[in-house]
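# A look at the structure
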Amino acid sequence: MKQKSPVYFTDMRTRPGLSLPDKLERLVRRAGIETIDFERKFVAVKIHFGELGNLSFLRPNYAKRLVDVLKPLGAKPFLTDCNTLYVGSRKNALDHLDCAMENGFGPLSTGCQIIIADGLKGTDETIVPLAGTEYVREAKIGHAIMDADVIISLNHFKGHECTGFGGAIKNLGMGCGSRAGKMEQHNAGKPQVNESKCRKCKTCGKECGQDAISYDERGIARIDTDKCVGCGRCIGACNFDAIENTSGDSNEMLSKKMAEYALAVVRGRPQFHINIVTQVSPFCDCHGENDIPIIPDVGMFASFDAVAVDQACADACNRQPVMGGSVLERVLKKAAGDGAAGENEMRCDHFTTVFSSTNWRDTLAHAEKVGVGTRDYELVRV
């Protein structure tokens, strides 16, 4: 009989003298975080700093309390994320750090340093060989994350337009991938040059290890798709967003690749995962805005098993009522012919209802298959 993974849970209710950071500390201690040997260990706390304009990301107060737990145990924690593949406020380390600070993350507010794991342009990566996987043979993970001795994911659990929801697996798999790693997960094709944006600086050609980039008589870059291996380094090298990702894999393939990337991050070292299910916006915190939540706040979950904690959160979310005025309610009403959402709304799959082309179960099933964790869990209330 398969052993269930413990997932510890506390709700978001407070009282005088007991704050949400207090409850987070009590949760992680009860879940056993102190059993990890942190003495003089570098601890990567993987977090999402939020895109500028988005206000649903986790407040830095949560990270501060976690760091306050880790330091007395001898840990050397740092907050970390990797640069984004898309155009935005986190596509290189300088903009990324500016974004993090504007959103409230810094050494004074969190008690530790911030390191952008894949470096200045998103090209500082560690190649992690994988065996027994279906899609990824060599994962491209941000170097600082792989240099760490311990990995802790501190995750805002919310919806996502490609994977249904984003939790521990997404924060580890997609979030820890370098820009080339993100491209591998999102895209099986080759990048193309947007001529109107090319500044003829020829920086991209210096980064290409396949001699796939040349320049026409005007100095505009050209990519030889026969030579290109789709590594995405040219995307990271271009400061003007002239090299673009033009076609995407199916959401199912993306979800499975993401699970395999998560395996590359957690395999063979101590790990711990925290999902905070609050302000469950329909879209990822990568958006420069956040819609109203689709369900009420649920609580905080912690586990040594990234698959189990995501499964527990998904189950808990799908037991919640629908928030009035949300995109979820709108979709349900439309499906019911602009009438009431229906008495079955409590039992519906909220995430797939919002984004019908997604199936978050693909991610968790594949993550379990490749050895990230198990979907069987035992919920322990704290």
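Predicted model only: the values in this text are computed from it and were never measured.

## So, the packing of aromatic side chains
- Applying the stated criterion across every chain yields a total of nine aromatic pairs.
- Considering the side-chain rings of F49 and F105, the 5.1 Å spacing of their centres and the 70° angle between planes classify their relative orientation as edge-to-face. On the criterion of sequence distance, the pair formed by F49 in the loop between β2 (42-46) and α2 (60-70) and F105 in the loop between α3 (93-102) and α4 (107-110) is long-range, its members being 56 residues apart. With respect to burial, F49 and F105 carry one shared label: buried.
- Aromatic side chains F157 and F165 sit 4.6 Å apart centroid to centroid with 35° between the ring planes, which places their arrangement in the tilted category.
- Feature note: the residues F157, F165, F351 and W360 constitute an aromatic cluster, connected by ring pairs.
- Over the aromatic face of Y215 sits the side chain of K202, whose NZ or CZ is 5.2 Å from the ring centroid.

## Here's the deal with the pairing of strand β6 (residues 138-142)
- Burial analysis of β6 places four of its five residues in the buried class, the great majority of the element.
- Sheet topology note: the strand β5 (residues 125-129)/β6 ladder contains five bridges and is antiparallel. Across the sheet, the residue bridging to V128 is A139, located in β6.

## Comments concerning the environment of Y215
- Here Y215 shows up in strand β11 (residues 213-215).
- Here the alpha-carbon distance between Y215 and C112, two residues 103 residues apart in the chain, equals 45 Å.
- For Y215, the residues in contact, after removing those within four places along its chain, are K202, T203, C204, G205, I220 and A221.
- At a separation of 3.0 Å, a polar atom in the side chain of Y215 contacts the main-chain amide nitrogen of G205.

## Some remarks on α2
- Where burial is concerned, most of α2 is hidden: eight out of the 11 residues are buried.
- All buried positions along α2 are accounted for by P60, Y62, A63, R65, L66, V67, V69 and L70.

## Side note on the pairing of strand β3 (residues 76-81)
- Burial of β3 is extensive: five of the six residues sit out of reach of the surface.
- Note: β2 against β3, five bridges, orientation parallel. Its bridge partner being in β3, V43 is matched across the sheet by P77.
- As defined by bridge partners, β3 adjoins strand β4 (residues 113-116) across four bridges and the pair is classed as parallel.

## Quick word on the packing of helix α11 (residues 306-318) against helix α14 (residues 360-370)
- Contact pair α11 / α14: the axes reach a minimum separation of 10 Å and the direction vectors enclose 155°. When the interaxial angle is binned, α11 and α14 end up roughly antiparallel. The handedness of the crossing between α11 and α14 comes out as left-handed. Note on element contacts: α14 touches α11 through W360, L364, A367 and E368, opposite V307, D310, Q311, A314 and N318.

## Describing the side chain of K140
- Note on placement: K140 falls in strand β6.
- Here the side chain of K140 touches E184 through a polar contact of 3.3 Å, side chain to side chain.
- Those residues in contact with K140, other than ones at most four positions away along the chain, are E125, T126, I127, C176, G177, S178, A180, G181, E184 and Y261.

## Topic: the pattern of salt bridges
- Applying the stated rule across the entire model yields 21 salt bridges.
- Here K46 and D81 are joined by a salt bridge, their closest N and O atoms 2.9 Å apart. In this pair, K46 is assigned in strand β2 and D81 in strand β3, connecting sequence segments 35 residues apart. We note that K46, like D81, is buried.
- For K140, the salt bridge goes to E184, with nearest N and O atoms at 3.3 Å. Of this pair, K140 sits in strand β6 while E184 is found in helix α7 (residues 179-186), placing the two residues 44 residues apart along the sequence.
- One salt-bridge network, in which partners are shared between bridges, spans D22, E25, R29, E34 and R65.

## Digging into the environment of E39
- Looking at the secondary structure, you find E39 in the loop between α1 (20-31) and β2.
- Looking at E39, the relative accessible area reads 47%, which means it is partly exposed.
- Sequence spacing of E39 and K71 is 32 residues, and the spatial spacing of their C-alpha atoms is 9.1 Å.
- Aside from chain neighbours lying at most four places away, what touches E39 is L73 and G74.

## Let's talk about the sheet that holds β2
- One open sheet holds the eight strands; their spatial order is β4-β3-β2-β7-β14-β15-β1-β16, and the pairing between them is mixed. What marks the edges here is a single partner per strand, and that holds for β4 and β16 (377-381). Each strand axis lies, on average, 25° off the axis of its neighbour in the sheet, ignoring direction.
- Of the strands in this sheet, β1 (5-10), β14 (271-277), β15 (299-303) and β16 touch α11, which is tilted by about 15° from β14.

## Re the packing of α1 against α2
- Running from N to C, α1 and α2 point in directions that differ by 45°, and their axes come no closer than 9 Å. On the basis of the axis angle, α1 is oblique to α2. The crossing of α1 and α2 is right-handed. Residues L20, P21, D22, L24, E25, V28 and R29 of α1 lie in contact with α2, whose contacting residues are Y62, R65 and V69.

The rules behind the values
- Residues numbered from 1 in each chain as written.
- Predicted model: local features only at pLDDT ≥ 70, side-chain atom pairs only at ≥ 80, totals over all residues.
- Heavy atoms only, no water.
- Phe/Tyr/Trp six-rings, centres within 6.5 Å; stacked < 30°, edge-to-face > 60°.
- Helix = DSSP H or I, 4+ residues; strand = E, 2+ residues; numbered from the N terminus.
- Buried < 20%, exposed > 50% of the residue type's maximum accessible area, 1.4 Å probe, protein only.
- Lys NZ or Arg CZ within 6 Å of the ring centre and 35° of its normal.
- Pairing = 2+ DSSP bridges.
- Contact = heavy atoms within 4.5 Å.
- Polar contact = N/O pair within 3.5 Å; in protein donor to acceptor, adjacent residues only side chain to side chain.
- Axes fitted to C-alpha atoms, helices over the stretch in contact; angles between N-to-C directions.
- Parallel < 35°, antiparallel > 145°, perpendicular 65-115°, else oblique.
- Left-handed = near helix turned anticlockwise from the far one by under 90°.
- Salt bridge = Lys/Arg side-chain N within 4 Å of Asp/Glu carboxyl O.

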